[in-house]
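An overview of the molecular structure
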Amino acid sequence: MVIKEMTGGGADYCFECIGSASVMAEAFKSSRAGWGKTIILGTDGNAAPVSIPSSDIKRGRSVVGSLLGGIKPKDDIPVLAQKYLDKELELDEFITHQMGFDEINSAFELLTQGKSLRCILWMPGAKDMNVA
């Protein structure tokens, strides 16, 4: 209700980012009647159902998911890879750690603790061969 009051009827776009089914439903309820759009970004490990009144959908509200940012892997990943190789897309600054594959559990620990942005995991022998 607070968002509806603050926006005079609801937000045009609502983003759910934590993966909670109840927050997904709240985000939808916070969207504007008639044209509000809710974008689900969070991942719900339990795949819990989300209850949304069908009458709200018929009246124009919508819900969409965005897995991997909405890219089409078959088409977009080769383009992004080429842009990286051509130095048009700078990604190296986002790499905070590099570890051997045998340290994968430590890498996930760093990630869940918020201490790592992106970690490169090297397969045994790959780093020694200068494979990047």
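Refer to the structure above for everything that follows.
Fair warning: this is a prediction, and the values are worked out from it, not measured in the lab. (Residues numbered from 1 in each chain as written. Predicted model: local features only at pLDDT ≥ 70, side-chain atom pairs only at ≥ 80, totals over all residues. Heavy atoms only, no water.)

With that out of the way, let us pick up the overall build of the protein chain. Helix and strand content of the protein chain: five helices and five strands. Start at the N end of the protein chain and walk to the C end: the helices and strands fall as α-β-α-β-α-β-α-β-α-β. The C-alpha radius of gyration computed for the protein chain amounts to 20 Å, which surpasses the reference 14 Å derived for 132 residues by more than 25%, pointing to a less compact arrangement than a globule. With the C-alpha coordinates of the protein chain rotated into their principal frame, the extents come out at 60 × 30 × 25 Å. Scored against the burial criterion, the 132 residues of the protein chain give a buried share of 21%. Summing over all exposed atoms, the protein chain offers an accessible surface of approximately 9,800 Å²; the carbon and sulfur share of this is 59%. Here the protein chain carries 14 positive and 17 negative side-chain charges, and the mean point of each set is 11 Å from the other. (Helix = DSSP H or I, 4+ residues; strand = E, 2+ residues; numbered from the N terminus. Rg over C-alpha atoms; globule rule 2.2 N^0.38 Å. Buried < 20%, exposed > 50% of the residue type's maximum accessible area, 1.4 Å probe, protein only. Areas by Shrake-Rupley, 256 points an atom, 1.4 Å probe, with all protein chains shown as cover. Lys, Arg positive; Asp, Glu negative; His and termini not counted. Charge placed at Lys NZ, Arg CZ, Asp CG, Glu CD.)

Below, the discussion takes up the packing of aromatic side chains. Here the distance between the centres and the angle between the planes together describe a pair of aromatic rings. In the structure shown here, the tally under the stated rule is zero aromatic pairs. One Lys or Arg, R61, reaches over the ring of F28 and ends 5.3 Å from the middle of that ring. (Phe/Tyr/Trp six-rings, centres within 6.5 Å; stacked < 30°, edge-to-face > 60°. Lys NZ or Arg CZ within 6 Å of the ring centre and 35° of its normal.)

Another aspect to go through is the pairing of strand 4 (residues 95-100). Across five bridges, strand 4 lies against strand 5 (residues 118-122) in parallel orientation. Paired with M99 across the bridge in strand 5 is L121. A crossover connection joins strand 4 to the parallel strand 5 through helix 5 (residues 104-112); in handedness this β-α-β unit is right-handed. (Pairing = 2+ DSSP bridges. Right-handed = clockwise from strand over helix to strand, strands pointing away.)

The three strands are arranged 1-2-3 in an open sheet whose pairing can be described as parallel. Two strands bound the open sheet, and with one partner strand each, they are strand 1 (13-16) and strand 3 (62-65). Averaged over all pairs of adjacent strands, the angle between their axes in this sheet comes to 20°, without regard to strand direction. Pairing between strand 2 (residues 37-40) and strand 3: four bridges, direction parallel. Each bridged residue has a counterpart across the sheet, and for I40 the counterpart in strand 3 is G65. Where helix 2 (residues 21-30) meets the sheet, it contacts strand 1, strand 2 and strand 3, and its direction lies at approximately 175° from that of strand 1. (Axes fitted to C-alpha atoms, helices over the stretch in contact; angles between N-to-C directions. Contact = heavy atoms within 4.5 Å.)

With that settled, consider the state of the cysteines. For the coordinates displayed, the defined rule picks out zero disulfides. Looking at C17, it has no disulfide partner, and the nearest cysteine sulfur is the one in C14, 11 Å off. (Disulfide = S-S within 2.5 Å.)

Following the sequence through the fold, L68 ends up in the loop between strand 3 and helix 4 (73-85). Sequence separation of L68 and L41 is 27 residues, and the distance between their C-alpha atoms is 8.8 Å.

Moving on, we come to the pattern of salt bridges. Per the stated rule, a full pass over the model turns up four salt bridges. For the salt bridge of E26 with K29, the shortest nitrogen-to-oxygen distance reads 3.7 Å. Remark: K29 and E26 occur in helix 2; sequence separation between them is three residues, near one turn of the helix. When its relative accessible area of 43% is taken as the criterion, E26 is described as partly exposed. Taking the relative accessible area as the measure of exposure, K29 reaches 45% and is therefore partly exposed. Ionic pairing is found between R61 and D56, a salt bridge with its closest N-O pair at 3.2 Å. R61 gets classed as buried once you look at its relative accessible area, which sits at 7%. Here D56 falls in the buried class, since its relative accessible area comes to 18%. (Salt bridge = Lys/Arg side-chain N within 4 Å of Asp/Glu carboxyl O.)

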